Amino acid sequence: MNGLLRGPRFHLLLRLLLGGFFVYASLDKIWSPAAFARIVYAWQVAGPVPSNLAAVTLPWIELLAGLLLLGGVWKREAALTVALLLVVFLAAASSVLARGIDVENCGCFSVAQAEAPSAWPPAWTKGVGGFLVARNLVLLGAASVLAFFSPSRPRGAPRGAEARPSRESEALPS
Amino acid sequence: MHWEGACYFHDMSLDWKRFVLILATGAGAGLLWNAASGRGFAIGRSVLAQAGDELVTAADAKVLLGRGALFLDARPRDFWKMSRIPGSLPLPEEDFERGLAVVEARLRRASAIVVYCSGYGCEASHVVARKLRERGFPAAILDEGLPAWQDAAGPMDSEPRP
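On a predicted model such as this, the values are computed, not experimentally measured, just so you know.

Some points on the overall build of chain A
Assigned secondary structure in chain A consists of seven helices and zero strands. In sequence order, the secondary structure elements of chain A are arranged as α-α-α-α-α-α-α. Taken across its 174 residues, chain A has 39% of its residues classed as buried. In chain A, of all internal contacts separated by at least 6 residues, the share reaching a separation of at least 24 is 72%.

Topic: the environment of A:Leu58
Residues and elements named next belong to chain A. Looking at the secondary structure, you find Leu-58 in helix H4 (residues 48–71). Using a count of 22 C-beta atoms within 10 Å as the deciding quantity, one classes Leu-58 as buried. C-alpha separation for the pair Leu-58 and Lys-29, spaced 29 residues apart in sequence, amounts to 9.1 Å.

Observations concerning the sheet that holds strand S1 (residues 55–56) of chain B
All names here are of chain B. The strand order S1-S5-S4-S2-S3 describes an open sheet built from five strands, whose pairing is parallel. Every other strand in the sheet has two partners, leaving S1 and strand S3 (89–90) as the edge strands with one partner each. As paired strands, strand S4 (residues 113–116) and strand S5 (residues 139–142) are joined by three bridges and run parallel to one another. Each bridged residue has a counterpart across the sheet, and for Val-114 the counterpart in S5 is Ala-140.

Regarding the packing of helix H3 (residues 33–43) of chain A against H4(A)
Each packed pair of helices is defined by two parameters, the angle between the axes and the distance between the axes. Residues and elements named next belong to chain A. In the contact formed by H3 and H4, the axes pass within 9 Å of each other and the chain directions differ by 125°. Accordingly, the angle class assigned to the pair H3 and H4 is oblique. Between H3 and H4 lies a crossing of right-handed hand. When H3 is examined against H4, the residues Pro-33, Phe-36, Ala-37, Val-40 and Tyr-41 are found in contact with a partner set consisting of Pro-48, Ser-51, Asn-52, Ala-54, Ala-55, Val-56 and Pro-59. In terms of residue class, the contact of H3 with H4 is built from ten nonpolar, two polar and no charged.

Re the environment of A:Pro59
Relative to the helices and strands, A:Pro59 resides in helix H4. Sequence separation between A:Pro59 and A:Val23 is 36 residues, and the spatial gap between their C-alpha atoms is 8.8 Å. Leaving out residues up to four positions away in the same chain, A:Pro59 has contacts with A:Ser26, A:Lys29, A:Ile30, A:Phe36 and B:Gly30.

Here we look at the nonpolar core
A general feature of soluble globular proteins is that nonpolar side chains tend to end up buried together. Counting residues in hydrophobic clusters, the biggest one holds 50 residues, and the most contacted among them are A:Leu18, A:Val40, A:Ala65, A:Ala79, A:Val82, A:Ala143 and A:Leu146. Put simply, the parts of the chain that give this core at least two residues each are helix H2 (8–31), H3, H4, helix H5 (75–98) and helix H6 (130–148) of chain A together with helix H2 (16–36) of chain B. For this core, the element with the highest residue contribution is H4(A), accounting for eleven residues. Counting residues in each nonpolar core, the second largest holds 25 residues, with B:Ala58, B:Leu70, B:Ile113 and B:Ala140 among its members.

A look at H2(A)
With 24 residues, H2(A) should reach 34 Å at 1.5 Å per residue; the first-to-last C-alpha distance of 35 Å fits that figure. Listed as buried for H2(A) are A:His11, A:Leu14, A:Arg15, A:Leu18, A:Gly19, A:Phe22, A:Ser26, A:Lys29 and A:Ile30. Structurally, H2(A) contributes buried residues whose contacts are with H3, H4, H5 and H6 of chain A together with H2 of chain B.

Focus: the domain arrangement of chain B
Here chain B is described as being made up of domain 1 (1–40) and domain 2 (55–151). Taking only C-alpha atoms into account, the centre of domain 1 of chain B sits 46 Å from that of domain 2 of chain B.

Notes on the confidence of the model for chain B
Residue and element names in this part refer to chain B. When pLDDT is averaged along chain B, the result is 92; 93% of the residues meet or exceed 70. Counting interchain partners and residues more than four positions distant, the pLDDT-below-50 stretch residues 1–12 has 31 contacts. For this predicted complex, the interface score ipTM comes out at 0.84, alongside a pTM of 0.81.

Rules of the game
- Residues numbered from 1 in each chain as written.
- Chains lettered and ligands numbered in written order.
- Predicted model: local features only at pLDDT ≥ 70, side-chain atom pairs only at ≥ 80, totals over all residues.
- Helix = DSSP H or I, 4+ residues; strand = E, 2+ residues; numbered from the N terminus.
- Buried ≥ 20, exposed ≤ 12 C-beta atoms within 10 Å, placed from the backbone.
- Contact = placed C-beta atoms within 7 Å.
- Pairing = 2+ DSSP bridges.
- Axes fitted to C-alpha atoms, helices over the stretch in contact; angles between N-to-C directions.
- Parallel < 35°, antiparallel > 145°, perpendicular 65-115°, else oblique.
- Left-handed = near helix turned anticlockwise from the far one by under 90°.
- Nonpolar A, V, L, I, M, F, W, Y, C, P; charged D, E, K, R; others polar.
- Core = buried A, V, L, I, M, F, W, Y, C linked by C-beta atoms within 7 Å.
- Expected span 1.5 Å × (residues − 1).
- Domains from an automatic or database assignment.
- pLDDT = per-residue confidence, 0-100.

Set out below in structure tokens:
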């Protein structure tokens, strides 16, 4: 299990999927901040002004963390940022579900206010409900692997390299 | 080059400065985009408010109720049937024209009109108040709706209506 979690290809796959997911998720929200703010209001978590601040800042943090994951720069910190966002989203979704509030569009990808009921994807994937919680838990798992499990050496790397000291500062010339 | 074998939990090699920098840069970019892109909005007030809207706080609305102002409930009618601000009449956003025909005579006699709905995320009170203004009725909006009203210890009438 530990070997799988540290596989370099597995890490690359997770990084590209998670990074692409978050970049895509940020775009519509960045393009229409006021429409996204209305959706944050529907969650009824924090009042209008804190909701405005969340609507303005969170999509850009998603975009930046997603780009860093795609580019392989500051990977662990970007993954930790994504994990933090997901924890915040999960906490907010739990609060929404506990209070029995009906949020038809979670604002995860699209800020559209009203869509035809037959539109793809189906409604249960758009609202705040079990699907959203399950998806975010899977994404949180992926982000945690990237943040907290270092990849093992790829094939062809020098033998014994894994046993080297793991602190970056020790690997760098002083 | 370094191929790390350990879990980062153990070697603690996450760089917290980078993590904070990502959050700060993302938040800063968002604020800048909102301020300078032309696609932003005023962060300091509800995004539902528009020029021409008249908002009243729950405290002021209580005074207006005491003076006999007419309160209108913009939520779906079933919510009004369950509980309402005392003396209020239903004027649901989705059934505006029919509801208006019923309450129009009362509107003409009202000294002041306050429209409310279920909270800061609810746009119905804004929509109904604007439609009333278009028809010449100077309707105000209860700021942040019923939760603010109840926080201000405003009275509620919870007797079910048919």
